[in-house]
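Fold and geometry: a report
Next come the chains, spelled out residue by residue.
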Amino acid sequence: MRSHYCGDLRKEHIGEDITLCGWVHRRRDHGGVIFLDVRDREGLAQVVFDPDREESFALADSCRNEFVIEIKGTVRSRPEGTINPEMPTGEIEVLGKELVILNKSETPPFQLDEHQNVGEDVRLRNRYIDLRRPEMQEKLRFRSKVSNAIRNYLDDNGFLDIETPILNRATPEGARDFLVPSRVHDGQFFALPQSPQLFKQLLMVSGFDRYYQIAKCFRDEDLRADRQPEFTQIDIETSFMDEEGIMGLTEDMIRKLFLELKGVDLGDFPRMPYSEAMQRFGSDKPDLRYPMELVDVADLMANIEFKVFAGPANDPKCRVTALKVPGGAKLTRKNIDDYTKFVGIYGAKGLAWIKVNEIENGVNGLQSPIIKFLGDEVTMAIMDRLGAENGDIVFFGADKAKIVSEALGALRIKVGEDLEMSEREWAPLWVVDFPMFEETDTGLTALHHPFTAPSCTPEELKENPLDALSRAYDMVLNGCELGGGSVRIHDQEMQAKVLEILGISDEEAEDKFGFLLNALQYGAPPHGGLAFGLDRLIMLMTGTESIREVIAFPKTQSASCMMTEAPGEVSAAQLRELNIKLRKTP
Ligand code: ASP
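These figures come from a predicted structure and were not determined experimentally.

**A look at the overall build of the protein chain**
In terms of regular secondary structure, the protein chain is built from 18 helices and 22 strands. The C-alpha extent of the protein chain, read off along each of the three principal axes, is 95 × 75 × 55 Å. When contacts within the protein chain are restricted to residue pairs at least 6 apart in sequence, those whose partners lie at least 24 apart make up 68%. For the protein chain, the computed accessible surface area is about 29,300 Å², with 49% contributed by carbon and sulfur atoms. The average position of the 70 basic charges and that of the 99 acidic charges among the side chains of the protein chain differ by 4 Å.

**Overview of the layout of surface pockets**
Of the voids in this model, the second largest pocket is the one considered here, and its volume is about 490 Å³. Of all the secondary structure elements, the ones that give two or more residues to the lining of the second largest pocket are β1 (17-30), β2 (33-40), β3 (43-49) and α4 (134-156). In terms of residues, the lining of the second largest pocket owes the most to one element, α4, which gives four residues. The class makeup of the residues in the lining of the second largest pocket is six nonpolar, five polar and nine charged.

**Things to note about a negative patch on the surface**
Taken together, the side chains of Glu459, Glu460, Glu463, Asp491 and Glu493 make up a negatively charged region of the molecular surface. In terms of residues, the negative patch owes the most to one element, helix α14 (residues 458-463), which gives three residues. Counting through the fold element by element, glutamate 493 comes out in helix α15 (residues 492-501).

**Side note on the site of the ligand**
Not every one of the 14 residues close to the ligand is listed here, only the nearest: Gln197, Lys200, Gln233, His448 and Arg488. Glutamine 197 has a polar side-chain atom sitting 2.7 Å from a nitrogen atom of the ligand. Histidine 448 is positioned with one of its side-chain polar atoms (N or O) 2.8 Å from an oxygen atom of the ligand. Those elements giving two or more residues to the shell around the ligand turn out to be α5 (197-205), β21 (480-487) and β22 (527-533). Examining the composition of the shell around the ligand, we find that three residues originate from one element, β22, more than from any other. Of the residues in the shell around the ligand, the class split is two nonpolar, eight polar and four charged.

**Here's the deal with the sheet that holds β1**
Strand order around the closed barrel formed by five strands is β1-β2-β3-β5-β4, with mixed pairing between neighbours. For this sheet, the mean angle separating the axes of adjacent strands, direction not counted, is 55 degrees. Packed onto the sheet, helix α1 (residues 54-62) meets β1, β2, β3 and β5 (92-103) and runs at close to 75 degrees relative to β5.

**Digging into α4**
Spanning 23 residues, α4 covers 32 Å between terminal C-alpha atoms, matching the ideal 33 Å at 1.5 Å per step. As for α4, its buried residues are in contact with α2 (120-125), α3 (127-130), β9 (210-218), β10 (230-239), α6 (243-262) and α17 (534-542). Residue glycine 158 follows α4 closely and has a positive phi angle near 80 degrees.

**A look at empty space enclosed by the protein**
Within this structure, the stated rule accounts for one cavity of 30 Å³ or more. If you add up the space inside the largest cavity, you get close to 40 Å³. Lining the largest cavity are Leu124, Arg127, Phe553, Pro554, Cys561, Met562 and Met563. Split into classes, the residues belonging to the lining of the largest cavity amount to six nonpolar, no polar and one charged.

Calculation rules
Residues numbered from 1 in each chain as written. Predicted model: local features only at pLDDT ≥ 70, side-chain atom pairs only at ≥ 80, totals over all residues. Heavy atoms only, no water. Helix = DSSP H or I, 4+ residues; strand = E, 2+ residues; numbered from the N terminus. Contact = heavy atoms within 4.5 Å. Areas by Shrake-Rupley, 256 points an atom, 1.4 Å probe, with all protein chains shown as cover. Lys, Arg positive; Asp, Glu negative; His and termini not counted. Charge placed at Lys NZ, Arg CZ, Asp CG, Glu CD. 1 Å grid on protein atoms, 1.4 Å probe; cavity = no way out; pocket = protein on both sides within 12 Å on 5 of 7 lines; lining within 4 Å. Points joined across faces, edges and corners; volume = space filled by probe spheres on them. Nonpolar A, V, L, I, M, F, W, Y, C, P; charged D, E, K, R; others polar. Patch = residues over 30% accessible without salt bridge, like charges linked within 9 Å, V, L, I, M, F, W, Y side chains within 5 Å. Salt bridge = Lys/Arg side-chain N within 4 Å of Asp/Glu carboxyl O. Near = heavy atom within 4 Å. Polar contact = N/O pair within 3.5 Å; in protein donor to acceptor, adjacent residues only side chain to side chain. Pairing = 2+ DSSP bridges. Axes fitted to C-alpha atoms, helices over the stretch in contact; angles between N-to-C directions. Expected span 1.5 Å × (residues − 1).

Written out as structure tokens, the structure is:
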């Protein structure tokens, strides 16, 4: 129907007869002349209707916001003084000659033609209208460009796009599965994939060598701000490539993506062992835009009377750590109280601090409620280790290592943001040398997943599982995990050993992924891969705060869709067919 998109019209079209199709963005009546701003996915064009074309004038007059129209007219330059340099089409307008109203619209639940603070619930309930907004159009278009660039890169590098099933058996990826009852197999359930992990490994056993898929994955987790129950992964697996090869290739892919779509050169990604990341930044995804680091001071506190510090300082499971914030002495009591509450989220019981006012005057130049407990000597030794300078504030954490790392690690970023301490816009890195296992209340669990290869022999692994490192790697950008993966176990003996250490019995292993264990017996090549979170990647690239803003039809924090009202109840007949009887929740 259309000859041009509204947003594409420029000076060079002046004099052309054109046809536009789109939505009435705004209608203005200017002393007998009607202006319609017509919108389509490329932008806006101003169309003018004069009263001398009676029929189209009357129709234009009857148009309301969001009516869908078709216009035939002629492009002309805007009269002197009415050029709008803010608009890409601001030099021209269209003299409207014929107008067809293709469809009317009720008054939309919120206006699209002015900046308004509409609640997210209203936007999500009316997502089809919300998605008409130029920002949303821009984000989804950008998303499409990213997937396209990734497909092209992987295709150029010999990767095959292969689909894997959505209806699966439950796999042990760590999160809770979404289950789908099988009608045909009474009492049995499919699980939706948490990732295509096992299938992509099997594709390597089958000899495909390089696989990728932009795959929907499902995890029934309690949602945090940046999580969705269904999300998209760029899933990759290769054979005959070690971690160097895989990291090199995917780093190159991300670097090219940023260069092509954002004009940003991310440079070479540094590598950091997990233990160093935890030690220096209190996080396995350190945000290196901020210069501050955690400095351990347990040795200096070991002999003081003050139990709050001395206790953890003498406990190997604990950490006593300081965070020096340059320029932080200006923080108010209220700021410090807020930060104390903030670290409380991570389990910290308090937040001790020392302000450095005049370091040249020794402890007299410091301000803090805790110096009297630490003693002058210890206090100054800490200042010395931190290289404290006037104007700094030092925060302390003393507790279980996990609590201190998480609390001070998060505080480091929070204060960094609040005091605008970011030193660069983009800070990528690889985190490597993860431990194979971590200890939980229920025993050992795999830090990545049970198919990740260790960097030691099965015997060494058995001997000292908690010291074993894995061949896993995470790509981190600005404190977000963009992607993660590993070299896999391709040897059946090693796989059996890992499952044994994880306390997964032969029967359970056979039951859940016997097919993988079998496949490993039939010439499985060395292989490895990784998966990137596409939603998060787009979020970072577009500078968006919420993951919901880069997904066309997202779920809310409580895992529901406000528009379709999914999940919903099903009919008794459907349940009967599935042989499912609902228990009344008390
Ligand atoms: N399947 C893993 C995940 O979803 C990624 C990988 O190891 O390739 O995190």
